[in-house]
Amino acid sequence: MDRPTIALMYDFDGTLSPAYMQEYDFMDAIGLQDKDSFWVDSHALAEGHDASTILSYMKLMVDKAKASGVSIRREQFVEFGKGIKLFPGVEEWFYLINAEGDRLGVNVEHYIISSGLKELIEGTSIARYFKKIYACSFMYENDAAVWPAVAVDFTSKTQFIFMINKGIYDIWDNARINDSMPDDERHVPFRNMIYLGDGETDIPSMRIVKSEGGHSIAIYKSGNEKSRSQAASLVKRGRVNFACPGDYTYKGELWKVVRSIMAKIKTDSDFYKMEKSNQADLR
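Computed from a prediction, not measured in an experiment: that's the story for all the values here.

Conventions adopted
- Residues numbered from 1 in each chain as written.
- Predicted model: local features only at pLDDT ≥ 70, side-chain atom pairs only at ≥ 80, totals over all residues.
- Heavy atoms only, no water.
- Helix = DSSP H or I, 4+ residues; strand = E, 2+ residues; numbered from the N terminus.
- Rg over C-alpha atoms; globule rule 2.2 N^0.38 Å.
- Buried < 20%, exposed > 50% of the residue type's maximum accessible area, 1.4 Å probe, protein only.
- Contact = heavy atoms within 4.5 Å.
- Areas by Shrake-Rupley, 256 points an atom, 1.4 Å probe, with all protein chains shown as cover.
- Lys, Arg positive; Asp, Glu negative; His and termini not counted.
- Charge placed at Lys NZ, Arg CZ, Asp CG, Glu CD.
- Salt bridge = Lys/Arg side-chain N within 4 Å of Asp/Glu carboxyl O.
- Axes fitted to C-alpha atoms, helices over the stretch in contact; angles between N-to-C directions.
- Parallel < 35°, antiparallel > 145°, perpendicular 65-115°, else oblique.
- Left-handed = near helix turned anticlockwise from the far one by under 90°.
- Nonpolar A, V, L, I, M, F, W, Y, C, P; charged D, E, K, R; others polar.
- Pairing = 2+ DSSP bridges.
- Core = buried A, V, L, I, M, F, W, Y, C linked by side-chain atoms within 4.5 Å.

Comments concerning the overall build of the protein chain
Step number 1: Looking only at helices and strands, one finds 11 helices and seven strands in the protein chain.
Step number 2: In terms of C-alpha radius of gyration, the protein chain reaches 20 Å, essentially the compact-globule figure of 19 Å for 283 residues.
Step number 3: For the protein chain, the proportion of its 283 residues judged to be buried stands at 48%.
Step number 4: Relative to all contacts within the protein chain whose residues are 6 or more apart in sequence, the contacts with residues 24 or more apart total 63%.
Step number 5: Of the accessible surface of the protein chain, which amounts to about 13,900 Å², a share of 49% is contributed by carbon and sulfur atoms.
Step number 6: Treating the 35 positive side-chain charges of the protein chain as one cloud and the 41 negative ones as another, the clouds have centres 4 Å apart.

Right, dumping it as structure tokens:
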């Protein structure tokens, strides 16, 4: 019997990392002491031009880097990613989850779906664990950032869920993304998906996964009542199945929840295959 595939899909900022990824080495490099001011300026830029907040922050990163004499080469952005801090246990998490998958008899795939910058994520110590990183990125000419290549907002995040569902990984491949595909031929059924996010920009993705039979988890910062309250609200509003603190250690609540979901997916998958086999035999 084929092993079912489980897709764990993660937002990044506030989900795997406690802060926005730009607030680590990048903002230090451009000499920004008041890190909140970057987001104030980004919002003002978006509002002033009636523009996307995602495209605005990407433009502001390039503008401020140039003004500070900081390189906007791709390799430099990746280097900045090395300074991003992660929640406790994140670096060991992927090994533990993959080992649990082997024990259960399932294949586990990890994906990032983030409005952050792909180049920064690629610089982190965990980048190698992801089958695909769907995030904002730049086009480069002569190795310098010149234009946004991908901008990921709260609605486009859902597109990547459908891509994972169908096993399509090229963002430019719109034709195949929109093609009809029988449920039994899809790479990862929605019921085999687990989405982890932290806030309002994740709600459409959380809702789609949960409504289609998968599971969504809201991550909050331990000791931060506002963050915990927002996560609790997502549970009460039916957006997610669980809310857990950003503790990815072996003894953490999140580990227990995800492990239980994986076991449920395996059991449900075995039942589904047995049911289909029985129905086929009766024809």
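Continuing now.
Let's talk about the pattern of salt bridges
Step number 1: On inspection of all chains with the given rule, the structure shows 14 salt bridges.
Step number 2: For Asp-11, the salt bridge is made with Lys-157, and the minimal N-O distance between the two is 3.2 Å. Here the residue Asp-11 occupies a position in the loop between strand 1 (5–10) and helix 1 (25–29), and Lys-157 occupies one in helix 7 (residues 156–166), the gap between them amounting to 146 residues.
Step number 3: Under the relative-accessibility criterion, Asp-11 is labelled buried at 4%.

Focus on the packing of helix 2 (residues 35–49) against helix 3 (residues 53–67)
Step number 1: The N-to-C vectors of helix 2 and helix 3 enclose an angle of 120°; their axes lie 8 Å apart at closest approach. By the angle between their directions, the pair helix 2 and helix 3 is classed as oblique. The chirality of how helix 2 crosses helix 3 is right-handed. Residues Phe-38, Trp-39, Asp-41, Ser-42, Leu-45 and Ala-46 of helix 2 pack against Thr-53, Ser-56, Tyr-57, Lys-59, Leu-60, Met-61 and Lys-64 of helix 3.
Step number 2: For the contact of helix 2 with helix 3, the residue count by class is seven nonpolar, three polar and three charged.

Notes on the sheet that holds strand 7 (residues 242–245)
Step number 1: A sheet is described by the order of its strands in space; here seven strands give the open sequence 4-3-2-1-5-6-7, paired in mixed fashion. Lying at the two open borders of the sheet, with one neighbouring strand each, are strand 4 (144–150) and strand 7. Each adjacent strand pair in this sheet contributes to an overall mean axis angle of 30°, direction not counted.
Step number 2: Across the sheet, helix 5 (residues 90–104) is in contact with strand 1 and strand 2 (107–117); its angle to strand 2 comes to roughly 150°.

Considering the nonpolar core
Step number 1: Core analysis: the biggest nonpolar cluster contains 83 residues, and Leu-8, Met-9, Trp-93, Leu-117, Ile-194 and Ile-217 have the highest contact counts within it.
Step number 2: Sequence-distant contacts of Trp-93, defined by excluding residues within four places in its chain, comprise Leu-8, Tyr-10, Tyr-248, Leu-254, Trp-255 and Val-258.

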